[in-house]
Amino acid sequence: MTRILKRAFALLLMAGVSLSFTSCTEAPKAPPAKPAEPAKKTEPAAKTEPEKKAEPAKKAEPEKKAEPEKKIEGPKLDAPKSEPAKEAPKAEPKKDEPKAEMKKEEPKKTEAPKTEPKKEEPKPEPKKEEPKKTDAPKSEPAKEAPKTESKKEEPKKDDAPKSEPSKGASAAPAAAAVATVAAKTSASAGKPAAGPLDWNQWGGSPHRNNTPEGKNIPAEFDPGEFDDDGNWKAGSGENIQWVAAVGSQTYGNPVVANGKIYVGTNNGHGYMSRYPATVDLGCLICFNEKDGKFLWQHSSEKLPTGRVHDWPLQGICCSPYIEGDRLWFVTSRGEVMCLDTEGFADNENDGPFTGEKLDNEKDKPHEADVIWVFDMMKDLGVSQHNMCSCSVTATGDTLWVCTSNGVDESHINLPAPSAPSFLAIDKNTGKVIWKDGSPGNNILHGQWSSPAVSTLGGVPQVMFAGGDSWLYSFKAERTPEKPELLWEFDANPKATEYILGGRGTRNEIICTPVIYDNKVFIAVGQDPEHGEGVGHLWCIDPTKRGDVSAELAVEVADRNKKVPKRRLKAIENPMAETPVSNPNSAVVWHYSEFDQNADGKIDFEETMHRTIGTPTIKDDILYIPDFSGLVHCVDAKTGKPYWTHDLFAATWGSALIVDGKVYVGDEEGKLTVFKHGKEKEILAEIDMKNSIYSSPIVANNTLYVVNKTHLFSIKGK
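The shown structure was predicted, so the numbers you read here are calculated from the model rather than taken from an experiment.

**Q** Mind showing me how you'd approach the sheet that holds strand E34 (residues 682-687) here?
**A** For sheets, the rule is that strands pair by backbone hydrogen bonds, running either parallel or antiparallel. If you walk across this open sheet you meet the four strands as E31-E32-E33-E34, and the pairing is antiparallel. Strands at the two margins of the open sheet, each flanked by one partner only, are strand E31 (656-658) and E34. Pairs of neighbouring strands in the sheet enclose a mean axial angle of 20°, with direction left out of account. With five bridges joining them, strand E33 (residues 670-675) and E34 adopt antiparallel strand pairing. Bridge assignment links Thr 672 to a residue of E34, and that residue is Glu 685.

**Q** Please explain the nonpolar core as it appears in this structure.
**A** Nonpolar side chains in soluble globular proteins tend to be buried together. Counting 34 residues, the largest nonpolar core has Leu 471, Trp 487, Ile 540 and Leu 622 as the members making the most contacts within it. When residues of this core are traced back to their parent elements, those giving at least two are strand E15 (452-456), strand E16 (459-465), strand E18 (485-490), strand E20 (514-516), strand E21 (519-523), strand E22 (537-540), strand E26 (587-591) and strand E28 (621-625). When neighbours within four sequence positions are excluded, Leu 622 is seen to be in contact with Phe 521, Leu 537, Trp 589, Pro 615, Thr 616, Ile 617, His 632, Cys 633, Val 634 and Ala 636. Ranked by size, the runner-up nonpolar core spans 22 residues in total, among them Val 336, Cys 388, Val 392 and Leu 423.

**Q** How do you make sense of the packing of aromatic side chains when you look at a structure like this?
**A** To describe a pair of aromatic rings, one takes the distance between the centres and the angle between the planes. All chains considered together, the criterion is met by 19 aromatic pairs. Arranged with centres 6.1 Å apart and planes meeting at 40°, the rings of Tyr 251 and Trp 652 form a pair that is tilted. Of this pair, Tyr 251 sits in the loop between strand E2 (240-245) and strand E3 (255-257) while Trp 652 sits in the loop between strand E30 (641-646) and E31, and the two are 401 residues apart along the sequence. By relative accessible area, Tyr 251 is classed as buried at 0%. Classification of Trp 652 by relative accessible area gives buried; the value is 0%. Here the aromatic rings of Phe 422 and Phe 464 are separated by 4.4 Å at their centres, their planes lie at 15°, and the arrangement is stacked. Of this pair, Phe 422 sits in strand E13 (residues 422-426) while Phe 464 sits in strand E16, and the two are 42 residues apart along the sequence. Among the residues examined, Phe 422 registers a relative accessible area of 0% and is labelled buried.

**Q** It is not clear to me how the pattern of salt bridges should be interpreted in this structure. Could you clarify?
**A** Side chains carrying opposite charge are able to pair once their charged atoms draw close together. The final tally for this structure, using the stated rule, is 22 salt bridges. Two residues, Glu 342 and Lys 260, come together in a salt bridge whose shortest N-O distance is 3.0 Å. With Glu 342 in the loop between strand E9 (335-340) and strand E10 (369-375) and Lys 260 in strand E4 (residues 260-266), this residue pair connects regions lying 82 residues apart in the sequence. With a relative accessible area of 28%, Glu 342 lands in the partly exposed category. For Asp 426, the salt bridge is made with Arg 478, and the minimal N-O distance between the two is 2.2 Å. One end of the pair, Asp 426, is in strand E13; the other, Arg 478, is in the loop between strand E17 (470-475) and E18, with 52 residues separating them in the sequence. You can call Arg 478 partly exposed: its relative accessible area is 25%. If you follow the salt bridges from partner to partner, you end up with Asp 325, Arg 326 and Asp 340 in one network.

**Q** I keep staring at unusual backbone geometry and nothing clicks. Help me out?
**A** The general pattern is negative phi for most residues beyond glycine and trans for most peptide bonds. Here the residue pair Gly 351 and Pro 352 is connected by a cis peptide bond, since its omega of 10° sits within 30 degrees of zero. As for its position among the elements, Pro 352 is in the loop between E9 and E10. Although it is not a glycine, Asn 239 sits at a positive phi angle of roughly 65°. Locating Asn 239 in the fold gives a position in the loop between helix H2 (174-183) and E2. For Asp 619, which is not glycine, the phi dihedral falls at a positive 55°.

Analysis parameters
- Throughout this description, residue numbers start from 1 for each chain and increase along the sequence as written.
- Totals for whole chains, interfaces and linings use all residues, but because this is a predicted model, local features are given only for residues with pLDDT of at least 70 and pairs of side-chain atoms are given and counted only at 80 or more.
- Remark: hydrogens and water are excluded; side-chain values derive from all non-hydrogen atoms of the structure.
- Strand pairing follows a simple DSSP-based rule, namely that at least 2 bridges must link the two strands.
- Starting at the N terminus, helices and strands are each numbered in turn, a helix being any DSSP run of H or I of at least four residues and a strand any DSSP run of E of at least two.
- Under this scheme, a helix contributes an axis fitted over its contacting stretch, all axes are lines through C-alpha atoms, and angles between N-to-C directions fall in the 0 to 180 degree range.
- To form a nonpolar core, buried Ala, Val, Leu, Ile, Met, Phe, Trp, Tyr and Cys residues must be joined to one another through side-chain atoms within 4.5 Å.
- Whether a residue is buried, partly exposed or exposed follows from its accessible area with a 1.4 Å probe, protein chains only, as a fraction of its type maximum: under 20%, in between, or over 50%, in that order.
- Whether two residues are in contact is decided by their heavy atoms: any pair within 4.5 Å suffices.
- Two aromatic rings from Phe, Tyr or Trp, using only the six-membered ring of Trp, form a pair when their centres are within 6.5 Å; if the ring planes differ by under 30 degrees the pair is stacked, by over 60 it is edge-to-face, and anything between is tilted.
- Each salt bridge in this description consists of a side-chain nitrogen of Lys or Arg and a carboxyl oxygen of Asp or Glu lying within 4 Å of one another.

As structure tokens, this is what we get:
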């Protein structure tokens, strides 16, 4: 749909035109169309969502949902967006049906905020896809993850590996951090944790800020040509080193370490003969960094319980964490695993786990070598929603994990409210050190965010975004007992309400917390299947303690008496309860809408919408794309926006800042390259041939972009 048609539609909505749509709350969503081309994000109707803030003047219209075609094609954080060509288990309507055809769902169950109970899916960021998912604070100190050798708990300098030492963050300089990490890992004795310009986890470090170092990263390039079978024509394109086929739906953010690159995807390509492409799997695929050659694959078979726990075609939506010759990640089945980065190419079955399937001689050299497995569903009673997705990180010998515990297929009931949401695990043995279930009965939907770690105010802190939309910070200690809860923050205004299907105003936290300049940055959103809506971006001072939310919910009769936490809305009876400013608030600034043109109205482009993307910050400038297709450029010190840009397509991933440029991919398959700065300048718009659901990264002066079906290695001449 052209820009004119999109805007015309918005005008019709404002004029009060009513649109009818078919309810598909429980109805099977039409099977997702073949992954042919990325669905167009058609009109950024985000305006629609009445958010706690006064709805932008011109945007008051009924939420964007009215437009069926707008349905985002890409796989939702939960829902497998558009079905990959070859895989398609399409049918099977289930409550959270795949994205493909966006039928408006009815708000029936009180579960998901904004209303349409559509099929939800993990995410990615994760999208998150991130679902997904996920970046080291501004300047990230060097890679932080300590090596597994020395069993020390978290190194105080848990800072970002890779590149830039976070601006003010407590991490040590990059080089020092890398050295520290390299020094310890019994499993990887003598081997460096990662190279100085590698990117060994989502965000490059526990700070999670996607700002690697890189030189001569091209702003323009041509992806090249593909034959009728989807194979890249070697030598075609410009600035392309190699292209590798991945699955048919890819949400995992790539990571690079020690000469290998890893991507979470599905089995759309069918690299293993024992698992042809017609078999649906969650796959973590390892390629050679130099030439893109396939090395090995870990294959996660689908859970027998179906889409409630393991959504079809979504694959692995998280990113692994690597130190030396050890790798840790979470499977779509809810298993935390440690793998040998060599797979079985070294002809060794490292243990203690030795149950790999090695009877196929052709596949054996390409099988993953599992060191240990911890099954969160079996051993902790976790009931993940749609799938499990967490990009783990580590400090010392402690691995930090979010369990993805969530609702059942009804989207209302919590089958395991007492199961933990956050875990500290010994990365060498897989043994649980401590666990926490703070969200309890208040989980709104699922939990697909990833943890962030740093020493802030002289105290090591590990932060988890709970499924109740609260951000929790614990003292990052290795102790038999759960450590001290330092602070907790409600990321939604108290007047908001969560309504099943996405029509409400209370949102979840799907993105990853980011640490920069000794501050924490977080944004809210919902499963993309729930559509667009008004969102919130927060900057928090992590040195405060206790409840540091912007507001408190109190009783009208006694304002010193706080109302207990509730799942769907903080204020149930406005006559007896009311929100008040919190004198202990840790909010440095809050961005949701800003009248940039000073015309007294809040326009679509002046609104922060729901997002599953993670903030990215450098030189005190923050970038974050929202699900309505806007890229926001904000002052990281004040929260005041410098500029916004409408991509006219939904964005699932996060921005990459490197070499004076900012890269953002969208669902239509376009990679937009901006000049890094306070003034908007577009350097290029590149057609990547298919939807982009993950975030671009840079490692060793090479740009990596993953679209739905292929991984591109891009390098300047």
